[in-house]
Amino acid sequence: MGNARNSKLRCLPSVDKLLKTEAASSLTERYGREATTDALRAVLTETRAELHVGAATPPTPEHIAQMAGALLARKSRSTIFPVFNLTGTVLHTNLGRAILADAAVEAAVEAMRNAVALEFDLDTGRRAERDDHIKGLLCALTGAEDATVVNNNAAAVLLALNTLASGRQAIVSRGELIEIGGAFRMPDIMARAGAQLIEIGTTNRTHPSDYRSAITAQTGVILKVHTSNYVISGFTAQVRPAELAAIAADANVPLLNDLGSGTLVDLTGYGLQAEPTVREAVTHADLVTFSGDKLLGGPQAGFIVGRQELIEKINRNPMKRALRIDKIRLAAIEATLRLYSDPDRLCQRLPTLKFLTRPQKDIADQAERLLPPVADQLGPAFSVEQCVCQSQIGSGALPLHTLASAGLRIRALERASAIERLSAKLRGADRPIIGRIEDGALVLDLRCLTDEPEFLSSLSGVTMDPLIETAPDHRQ
Ligand SMILES: *Cc1c(COP(=O)(O)O)cnc(C)c1O
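Residues numbered from 1 in each chain as written. Predicted model: local features only at pLDDT ≥ 70, side-chain atom pairs only at ≥ 80, totals over all residues. Heavy atoms only, no water.

### Focus on the layout of surface pockets
Then, in step 1: If you add up the space inside the largest pocket, you get close to 750 Å³.
Then, in step 2: Lining the largest pocket we find 38 residues, and of these Lys224, His226, Thr227, Gln238 and Pro276 sit closest to its centre.
Then, in step 3: Those elements that place two or more of their residues in the lining of the largest pocket are β7 (219-225), α11 (241-251), β8 (255-260), α12 (278-283) and β12 (397-412).
Then, in step 4: The leading source of residues in the lining of the largest pocket is β12, at 4 residues.
Then, in step 5: Counted by class, the lining of the largest pocket contains 17 nonpolar, 15 polar and 6 charged residues. (1 Å grid on protein atoms, 1.4 Å probe; cavity = no way out; pocket = protein on both sides within 12 Å on 5 of 7 lines; lining within 4 Å. Points joined across faces, edges and corners; volume = space filled by probe spheres on them. Helix = DSSP H or I, 4+ residues; strand = E, 2+ residues; numbered from the N terminus. Nonpolar A, V, L, I, M, F, W, Y, C, P; charged D, E, K, R; others polar.)

Following this line, the structure appears as structure tokens:
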């Protein structure tokens, strides 16, 4: 026995010998000599271990090269690659929020491939400001006097607070002390901005007099925050935007409105629920901040728009330099904003709006089409039915407003835990398929599914094992 094992081990080729084979040299060509050597060594080590515990036959050099090739392919795969967002949340923060318009993608690619006049005035040959590329567009779309852009809305809020209220006080209603996912908590941001938080009112009610009596010589800013991911209802009172603006103006204190998502167009015109537009907000605040990759449908960015003298002050803050964006995103933002000058075609061109306004009938037809091949692929252990479901906008926009949608509801017939295994398998597909579990069923909301052939091809690579799926549950 021991001798047979030893002779099998001796049969294994050395790394050097393997590297000289044709199969290995094509790997070297593709992945480089060092990575290929490492992979061959790893496969050999594993093979030796298997032979030690009694594996039957040593693999051929071709087979070893093949295993090394598979290892290299797995290792060299990028971790950022397309997935199917079938969660029903259109702007899913964990899945990268907005999908960019073609025009934005093209502009970003051009900027990546080439030198661009980022901070360079082509007329005079002198230095210019990078914000100039989008300032005009933002002002035209929002009615603001001036505008600037930073890394994201969290950065916009931090920068605005730091500029207006560092070493001073910032007044906020207790009903608006928000936490957004990912550790964005207003009191913490306030502290980092160097501002002293002055909470006023109560969770459910804040009155004009609360603001008036909190204003002192130390007040740097009044902050209004759009409660984007929750709603306070019942016995409530808020100060109307116009009234708050008047209070701030009377006291000569700037009013900053963190709008969160914000939208550049009236969503009701597209059959969606109203969300405050930036244009409205600008009429009742000195500065307004909002995100680039939420309802606006562009890349990650944070915009600050409003009064010129305050924007200029913000631009002089050294923190602005640390929070600025690069040419790639700037190009994508400019292209995205340009789409807004043609509202009639915005819905076709801006994926976010296209998904949000996709008719339910259209989604239901797709579900009907996909049901047979999906049921076929999943096999007898699962039932698949067409269903009506509710999509969400996501990223904190209109948290209580859902959109009637359609999809496929998958249930495990024999044992409930199979549904978890199924969703894990779908997440492991060539192009991962990500749904949501609801009442023990896996729901695939098809609102954001555009590439049906790719979906079916990814699904067909997912192997089901009916025996395992239908085996009785071991847990009692
Ligand atoms: C989303 C949101 C933020 C953070 O914006 P990011 O662009 O994600 O940094 C801040 N404030 C409000 C009210 C928000 O909704």
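Once you've had a look at it, read on.
### Describing α11
Then, in step 1: For α11, every residue scored as buried is listed here: Leu244, Ile247 and Ala248. Buried residues of α11, seen end-on, are gathered within an arc of 95° and therefore sit on one face of the element. Residues of α11 that are exposed and point more than 90 degrees away from the buried face comprise Ala249 and Asp250.
Then, in step 2: With its phi angle positive at about 60°, Asn252 sits one or two positions after the end of α11. (Buried < 20%, exposed > 50% of the residue type's maximum accessible area, 1.4 Å probe, protein only. Arc of directions from axis to C-beta.)

### Considerations on the side chain of Gln169
Then, in step 1: For Gln169, the position within the fold is in strand β3 (residues 169-173).
Then, in step 2: Contact partners of Gln169, with chain neighbours within four places excluded, come to Gln196, Ile198, Thr216, Gln218, Thr219, Gly220 and Val221. (Contact = heavy atoms within 4.5 Å.)

### Overview of the site of the ligand
Then, in step 1: If you check the shell around the ligand, you find 13 residues, and the closest are Ala154, Ser228, Asp258, Ser291 and Lys294.
Then, in step 2: Between Asp258 and the ligand, the recorded distance is 2.7 Å, taken from a side-chain N or O atom to a nitrogen atom.
Then, in step 3: Separating an oxygen atom of the ligand from a side-chain N or O atom of Ser291 is a distance of 2.6 Å.
Then, in step 4: Coverage of the ligand by the protein amounts to 95% of the 380 Å² it exposes when considered alone. (Near = heavy atom within 4 Å. Polar contact = N/O pair within 3.5 Å; in protein donor to acceptor, adjacent residues only side chain to side chain. Areas by Shrake-Rupley, 256 points an atom, 1.4 Å probe, with all protein chains shown as cover.)

### Looking at the environment of Arg113
Then, in step 1: Relative to the elements of secondary structure, Arg113 occurs in helix α6 (residues 102-113).
Then, in step 2: Arg113 gets classed as exposed once you look at its relative accessible area, which sits at 66%.
Then, in step 3: Distance from Arg113 to Thr124, taken between C-alpha atoms, is 25 Å for residues 11 residues apart in sequence.

### A short note on the sheet that holds β8
Then, in step 1: The sheet built from 7 strands is open, its strands ordered β2-β10-β9-β8-β7-β3-β6 with mixed pairing. Edge positions in the open sheet fall to β2 (146-150) and β6 (196-200), since each of these has one partner strand only. Taking each pair of neighbouring strands and ignoring which way they run, the sheet shows an average axis angle of 25°.
Then, in step 2: Its contacts with the sheet put helix α13 (residues 308-316) on β2, β9 (287-291) and β10 (302-306), and the angle it makes with β2 is roughly 30°. (Pairing = 2+ DSSP bridges. Axes fitted to C-alpha atoms, helices over the stretch in contact; angles between N-to-C directions.)

### Overview of the packing of helix α3 (residues 22-31) against helix α4 (residues 33-52)
Then, in step 1: Running from amino to carboxyl end, α3 crosses α4 at an angle of 130°, the nearest separation of the two axes being 7 Å. Relative to α4, the element α3 lies oblique. Every pair of crossing elements has a handedness; the one defined by α3 and α4 is right-handed. Across the interface between the two elements, Ala24, Leu27, Thr28 and Tyr31 of α3 pack against Arg33, Ala35, Thr36 and Leu40 of α4.
Then, in step 2: The residue makeup of the contact of α3 with α4, split by class, is 5 nonpolar, 2 polar and 1 charged. (Parallel < 35°, antiparallel > 145°, perpendicular 65-115°, else oblique. Left-handed = near helix turned anticlockwise from the far one by under 90°.)

### Focus: unusual backbone geometry
Then, in step 1: One non-glycine residue, Asn252, lies in the positive phi region at around 60°.
Then, in step 2: Relative to the helices and strands, Asn252 is located in the loop between α11 and β8.
Then, in step 3: Despite not being glycine, Asp439 shows a phi value in the positive range, around 50°.
Then, in step 4: By secondary structure assignment, the location of Asp439 is in the loop between β14 (436-438) and β15 (441-445).

### Some details on helix α18 (residues 360-378)
Then, in step 1: The first and last C-alpha atoms of α18 sit 25 Å apart over 19 residues, in line with the 27 Å expected at 1.5 Å per residue.
Then, in step 2: Leu371 marks the point of greatest bend in α18, at about 40°, and the proline Pro372 comes within the next four residues.
Then, in step 3: One or two residues past the end of α18 sits Gly379, with phi positive at roughly 80°. (Expected span 1.5 Å × (residues − 1). Bend = angle between axes of the 7 residues up to and from the residue.)

### Some details on the nonpolar core
Then, in step 1: Residues Val288, Phe290, Phe303 and Leu337 are the most contacted members of the largest nonpolar core, which totals 56 residues.
Then, in step 2: Per-element accounting of this core gives the leading share, 5 residues, to helix α7 (residues 132-142). (Core = buried A, V, L, I, M, F, W, Y, C linked by side-chain atoms within 4.5 Å.)

### Focus on the packing of α4 against helix α5 (residues 61-76)
The description of two packed helices rests on the angle between their axes and on the distance between the axes.
Then, in step 1: Remark: α4 packs on α5, axes separated minimally by 9 Å, with the N-to-C direction vectors making an angle of 120°. As for how α4 packs across α5, the hand of that crossing is right-handed. Residue-level contacts link Ala35, Thr36, Ala39, Leu40, Ala42, Val43, Leu44 and Thr47 of α4 to Ile64, Ala65, Met67, Ala68, Leu71 and Leu72 of α5.
Then, in step 2: Within the contact of α4 with α5, the residues separate by chemical class into 12 nonpolar, 2 polar and no charged.

### A short note on the pairing of β15
Then, in step 1: Counting buried residues along β15, 5 of its 5 residues qualify, which places the element largely inside the surrounding structure.
Then, in step 2: Burial along β15 is two-sided: Ala441, Val443 and Asp445 facing one way and Leu442 and Leu444 facing the other are all buried.
Then, in step 3: In this sheet, β15 lies alongside β14 in antiparallel orientation, the contact comprising 3 bridges. Of the residues in β15, the one forming a bridge with Ile437 is Leu442.
Then, in step 4: Taken together, β14 and the strand that follows it, β15, pair antiparallel across an intervening segment of 2 residues, in which Asp439 is found at a positive phi of about 50°.

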